[in-house]
Structure formats: C-alpha cells, structure tokens
Amino acid sequence: MATVRLAPVLRTFAGGSKQVSAQGTTLADVLHDLYERFPALQEQLQPDGSLSRFINIYVNDQDVRYLQGLETTVGPADTVILLPAMAGGH
Amino acid sequence: MGDASREIMRQARRQVPEWTPSQVHEALADQHEAGPDQQEIVLVDVREKHEWNEGHVPGAIHVPRGFLELQIEEAVPDKSKTIVLYCAGGVRSLIAGTTLQQMGYKTPISMSGGFGQWKANGYPFVQPRTMSEAQSKRYSRHVLIPEVGEAGQFKLLDSRVLLIGAGGLGSPAAYYLAAAGVGTIGIIDADVVEESNLQRQILHNTKRVGQYKAESARETIEALNPDVKVIPYIERLDETNVARIIADYDVILDGTDNFPTRYLLNDAAIIANKPVVHGSVFRFEGQLTVFKPHEGPCYRCLYPEPPPPELAPSCAEAGVLGVLPGIIGLLQAIETMKLLLGIGDPLVGRLQTYDGLAGEFSELRLYRDPQCPACGEHAHPENLPTYAEFCAVPAR
C-alpha cells in the first residue's frame, strides 16, 4: 500500500491523520481509496472531478501535473504528498 | 645587512633568475594579448598586508612572505607555471624564489627593484578596497571562508535586500543578514508591533509595542551593525508601489502573510527580473524555495490559484510555533546570501519543506509551466489577478 502524507490543513478532512495508507496502482485509484474512508477529502482534492488547482499532489518528489496526472503510476513503496499553498509568514 | 645576509643574497641571486619591471610589464602585455587560455605567468606579491593595501600590480595575487610555504600551493597548484615574485625592492622576492625552488616550482622569477621600481617606471597599479579595522574584526569569520573572503564581504556590503514584512520570517532573516553585513536592507511593513508578535518576531521588544515594525526593525538592526543602512517603508505593497520599491534591490525575501501580496510580488519580480526567496509557515511546518525569473518556476507555476480561506489560514488564525519561522526565515537568509555571493546551489526549482514535530526535511521538484500566465511562453505578468477579494483578510 502507498503512503499518503497530508499537509496540516487537510488533516481535519482525514480524521486528524498526518499519514495514512491507501491502495491502488494509479493516483486515481489511491485517491478513490482515500475518499471511501474520508469522503470530505474529495471535495478538497477533486471538487469537480479534475485535480484541484490549489492543492499540489506529488508522487515521491514529483508533481503529478508533470507526470501523468490522475493516471500517474503509484507503487506500494511510493509516497503521495498532498500539499496546498501556505500563506503564513508573519 | 650583515655578512650572513649578504651571503644568502649572493646565493639567491645565483639560483633565482631576475626580470626587470620592464621585462615583467612586457611579458604580462604579451600574455594579455594571447588571451585567457595562455596564462603561463602568475604574478605573486609577497609583501605584507599593509603594503599590498597601499597599491599593487593589477592581476597579482597576494601571498605574504611569512605565509608563502603555507599558502602558495593552494594559490598556485600548478608548479610548472612561471611565477614572477615581487616585493617592495627585490630582496624579499629573491629569497622567496629560493623557497619556491625548494618546494618544486620550476620557474620562480624575482622582479628586480620590486614594486618601487614598477611604480617609478610609471606602470599601472591598483589600490585595493580595504576594510576598516572594525570591519576586519567584525567579518573575520566570513573572510576566513574561501567562498566568501574579503571580496565576498565587499559584495555583501554593496548588496541590497528587500524584506517583505518584518514579522516571523522577516525578523530572523533581517537580523542575520544585517549581522552578515548586507549593506542595505529595505523593510516594507505597515503594521505596528503587538504583544502577540513578540513570541516569534525577534526584531521587536516589549518597549516597542505600538511602534511601526519597520521603524522598530531599523532600531534593532542599526544597534547590531552600523555598516547596515535600513530603509523602512511604512506602507502595504500594492499595484501602485511594487515596481518602484523592488527596482532598487538585488534580492527580495518574501515573508508576507497573504496570497494577494505573494501573487503581486511574483508578477512584479518577473517583470523586473529579481529573484524572490519565498518562505511560508503553518504551526509546526514550513516551506521555502527560490523563484528566479526565467531560470526556474515562479509562484504561479507552483500554485496557479490560491486555496480558499479555510485551507489557508494565517498565523493569526491557525497559530504557529514561535521557533518555526526562525528556522524557515534563516533558511531564506542562507538562500539570499548564496544568491548575493553567487555561490552554492540555490533552491531554484526545489521546494524544501520542514516538519518540526517529525524533525524532517524533505525536498520536492518544481517545474516551469510552459503555459504559466506569468512566466510562460505567452505570459503577461503585468495584467494578472492577485485574488485580493478572494483571500482571507491579511492578519498579523
């Protein structure tokens, strides 16, 4: 199972977890598996089916927008990172 | 000069060839004509530092006689080069020549008559920029680092860095950049110091509550390092002032707390071709990267749109561990120093993230979006929305 890491602001949509495991061989499958358990995440990550424009998804260290998007292959040893922009600086 | 000294000189003269300043001048001119690939002659000034500071032959390297054995192999590793040594009058350079022969250098040559004769012949010389005694002491640990050195320190003293915000990120960054001797630090911040800032914004203190942050920052920095000129801007960065303010700076350190300012700064920095060292924090986590126009991605490549307010709370709404912006702000300061000095690998196209609770650094690859509206092929960065109406109200 792949590891999924969530940025702090997304953890409330996943029962407070910082890191969860999810099944699937593509990013679409992995996210689908996540939504089964944490339906509120779908609204954040894929509000209209396509990937959100303000939450970046990385497989290992690569942005999936520059891989194959939802069709990006995800192996059991891979880490999927969900990372929206942060604004805080002050 | 006693008998023993005279004997040493006699022997040295027999062993070490001498060139007159005219011969050296001619040889250097020939070498200059031949181009940078044909640099067979290395000119080494073996005088003391204070003599070097009063003027030296252009292009010479400085290895004082007392450090010759210790430093020459680092300064001139190739022992087959022709090394022309000079001192003030041609005596110390002759003895230095025998030392180089003992060390295996093939062709050491002493310039007869030394720098005195060189000047008397009317040949050119340069007077190096020198540090005051106080600066020599203050920056001694920088000068010892080969990647910085005296030349790098002068570069820092001549550098201009703009900090967007004198808050959690701007405070530690400004404090260390000032300590490092960055000569001009601009600080734009329209806010006043509040008690809730003092848990992390180390430029300010309890007595300054109510004072403008940019002014408070100036007081702290000027007390730390009189070499630094602080230019405070008590205003908010907006469409009317951004181009004017950033024009005067070499590097911009983004420590703001809201998306509209980040998008505004991104677009203006692309137009003005200024690198932005970006940092942001949330509770125990932070991230930073360097946006260098046209060499790597920009903020809009990374985040084409801001998240809605509920996904992007500010420090005032979500809280932040006071030490965390210290870490990220100082990482921004290091990236700034690297850009100013032109050393190392700046975080261009790499997003570094830090998780304080886990004690983990990670790195993510960032790419330029060829379709980016700010820096892509058909970009118009001068005319893009900054989502001012869309985002959370800026908070302190």
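In what follows, the structure referred to is the one given above.
Residues numbered from 1 in each chain as written. Chains lettered and ligands numbered in written order. Predicted model: local features only at pLDDT ≥ 70, side-chain atom pairs only at ≥ 80, totals over all residues.

Novice: Honestly, the pairing of strand β5 (residues 79–84) of chain A in this entry has me stumped. Any pointers?
Specialist: Each regular strand carries side chains that alternate between the two faces of the sheet. Residues and elements named next belong to chain A. Where burial is concerned, most of β5 is hidden: 5 out of the 6 residues are buried. Pairing of strand β1 (residues 2–6) with β5, which is carried by 4 bridges, proceeds in the parallel orientation. Of the residues in β5, the one forming a bridge with L6 is L82. As defined by bridge partners, strand β3 (residues 55–59) adjoins β5 across 5 bridges and the pair is classed as antiparallel. By the bridge assignment, I57 is partnered in β5 with L82. (Buried ≥ 20, exposed ≤ 12 C-beta atoms within 10 Å, placed from the backbone. Helix = DSSP H or I, 4+ residues; strand = E, 2+ residues; numbered from the N terminus. Pairing = 2+ DSSP bridges.)

Novice: Would you mind going over helix α10 (residues 170–179) of chain B with me for this structure?
Specialist: Because an α-helix packs 3.6 residues into every turn, residues spaced three or four apart end up facing the same way. Residue and element names in this part refer to chain B. Within α10, 8 of the 10 residues are buried, which leaves the element mostly enclosed by the surrounding structure. Residues of α10 that are buried include every one of G170, S171, P172, A173, A174, Y175, L177 and A178, and no others. Where the residues of α10 are buried, they touch β6 (160–164), β7 (184–188), α11 (213–224), β9 (251–254) and α16 (324–341). One or two steps after α10, the chain reaches G181, where phi turns positive at roughly 90°. (Contact = placed C-beta atoms within 7 Å.)

Novice: Just checking my understanding: could you explain the pairing of strand β5 (residues 107–111) of chain B for this structure?
Specialist: Residue and element names in this part refer to chain B. By the criterion of burial, β5 is predominantly enclosed, with 4 of the 5 residues buried. Bridge count between strand β1 (residues 18–19) and β5: 2 bridges; the pairing is parallel. In the strand pairing of β5, E18 is matched with S110. Where strand β4 (residues 82–86) meets β5, 4 bridges bridge the pair, whose relative direction is parallel. Bridge pairing in β5 places L85 opposite S110. Crossover β4 to β5 through helix α5 (residues 92–102) is right-handed. (Right-handed = clockwise from strand over helix to strand, strands pointing away.)

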